[in-house]
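The primary structure of each chain is shown beneath.
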Amino acid sequence: KNQVEQSPQSLIILEGKNCTLQCNYTVSPFSNLRWYKQDTGRGPVSLTIMTFSENTKSNGRYTATLDADTKQSSLHITASQLSDSASYICVVSATSGTYKYIFGTGTRLKVLA
Amino acid sequence: ETGVTQTPRHLVMGMTNKKSLKCEQHLGHNAMYWYKQSAKKPLELMFVYNFKEQTENNSVPSRFSPECPNSSHLFLHLHTLQPEDSALYLCASSQASGQGWGNQPQHFGDGTRLSIL
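Residues numbered from 1 in each chain as written. Chains lettered and ligands numbered in written order. Predicted model: local features only at pLDDT ≥ 70, side-chain atom pairs only at ≥ 80, totals over all residues. Heavy atoms only, no water.

(A) Structural detail: the packing of aromatic side chains. In the structure shown here, the tally under the stated rule is 9 aromatic pairs over all chains. Joined through ring pairs, the aromatic side chains of Tyr-36, Tyr-101 and Phe-103 of chain A together with Tyr-33, Tyr-35 and Phe-108 of chain B make up one cluster. For the cation-ring pair, Arg-61 of chain A lies above Tyr-62 of chain A, with the distance from its terminal atom to the ring centre recorded as 5.7 Å. (Phe/Tyr/Trp six-rings, centres within 6.5 Å; stacked < 30°, edge-to-face > 60°. Lys NZ or Arg CZ within 6 Å of the ring centre and 35° of its normal.)

Printed below as a string of C-alpha cells:
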C-alpha cells in the first residue's frame, strides 16, 4: 500500500535554532517527492521537488534530502524564523501509467521568540 | 498573489442548502484539482480535470458535483451536505503532460473553509 509517514507530528523550537523534519514513504513506482509549506489559513506552497536521481535540493534556508534506497526524505530548516511556523507536508508522486499523489499528514512547526 | 483564487474564503451552510465553490487560475495551466483537507488527515484528492476533461473521481459522494467549463475555471457544486463534510476545500492547478499530471508542481489556492450546520 502506498503511504507517506511524517515525523514528528508537531515540533516547537526557539527562533534561530535548526530543525529537521522526516518523511518516510512506501510508494512504488516512485516518481518524485515534494515538500510543501502551509501557513495557517492558506494553501500549501511548494518548497522543493526531487526526482529519483537527486539527493539534495535547497531553497534558501530550506534543504531537502532524499535517499531513494531507504525511501526517506528530510527537510532541514536552518536558523529558524517566526515566519517558519507552519505545517510542512511531504508529497510523493507515483506513476503506473498515470500519476498519483500520496500526501503525508504533515508536521506542524511552531517557532517561538 | 498565488495565481489561484478561490471564493468564497468561508462558507457556512445548512444541510439542505445548495452552494457552489469557485476556483480560478491565472497561470495558463491545463490541469485543475479539488482537494479536501480535514484536521489531522492527509489531503484527499477529490477530482482532477485535465484539459477540461474529468480524469479522476476518487469515490466522492454525489452530493459533490464538479464542473470545469474551461481550463481556467473550476467549480464544486454542493447540495445536501453532511456535518462530516465540514473541512477546508483546496483548489490547485498545474501543467499537464502526455504522461498525466503528477510530474508537475501544483499551485494551490488558499481554500474555502466550509462549515455545515
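Read on for the rest.
(B) Inspection of the side chain of Ser-93 of chain B at higher detail. Residues and elements named next belong to chain B. Here Ser-93 lies in strand S9 (residues 87-94). Classification of Ser-93 by relative accessible area gives buried; the value is 0%. At 2.8 Å, the side chain of Ser-93 and the side chain of His-29 are in polar contact. (Helix = DSSP H or I, 4+ residues; strand = E, 2+ residues; numbered from the N terminus. Buried < 20%, exposed > 50% of the residue type's maximum accessible area, 1.4 Å probe, protein only. Polar contact = N/O pair within 3.5 Å; in protein donor to acceptor, adjacent residues only side chain to side chain.)

(C) Structural view of the nonpolar core. All names here are of chain A. By size, the foremost hydrophobic cluster in this structure holds 26 residues, and its most contacted members are Val-4, Tyr-25, Leu-33, Trp-35, Leu-75, Tyr-88 and Val-92. The element contributing the most residues to this core is strand S9 (residues 86-96), with 5 residues. When near neighbours in sequence (up to four residues on either side) are disregarded, Leu-75 contacts Cys-19, Thr-20, Leu-21, Trp-35, Leu-47, Tyr-62, Thr-63, Ala-64 and Tyr-88. (Core = buried A, V, L, I, M, F, W, Y, C linked by side-chain atoms within 4.5 Å. Contact = heavy atoms within 4.5 Å.)

(D) Highlighting the pairing of S9 of chain B. Residues and elements named next belong to chain B. Across the 8 residues that make up S9, a large majority, 8, are buried. Bridge count between strand S4 (residues 31-37) and S9: 7 bridges; the pairing is antiparallel. Bridge pairing links Trp-34 to Cys-91 in S9. Bridge count for S9 against strand S11 (residues 112-116) is 3 bridges, and the pairing is antiparallel. Residue pairing for S11: Tyr-89 is matched across the bridge by Thr-112. Bridge analysis of S9 against strand S10 (residues 107-108) gives 2 bridges, and the strand direction is antiparallel. (Pairing = 2+ DSSP bridges.)

These figures capture arrangement, not role.
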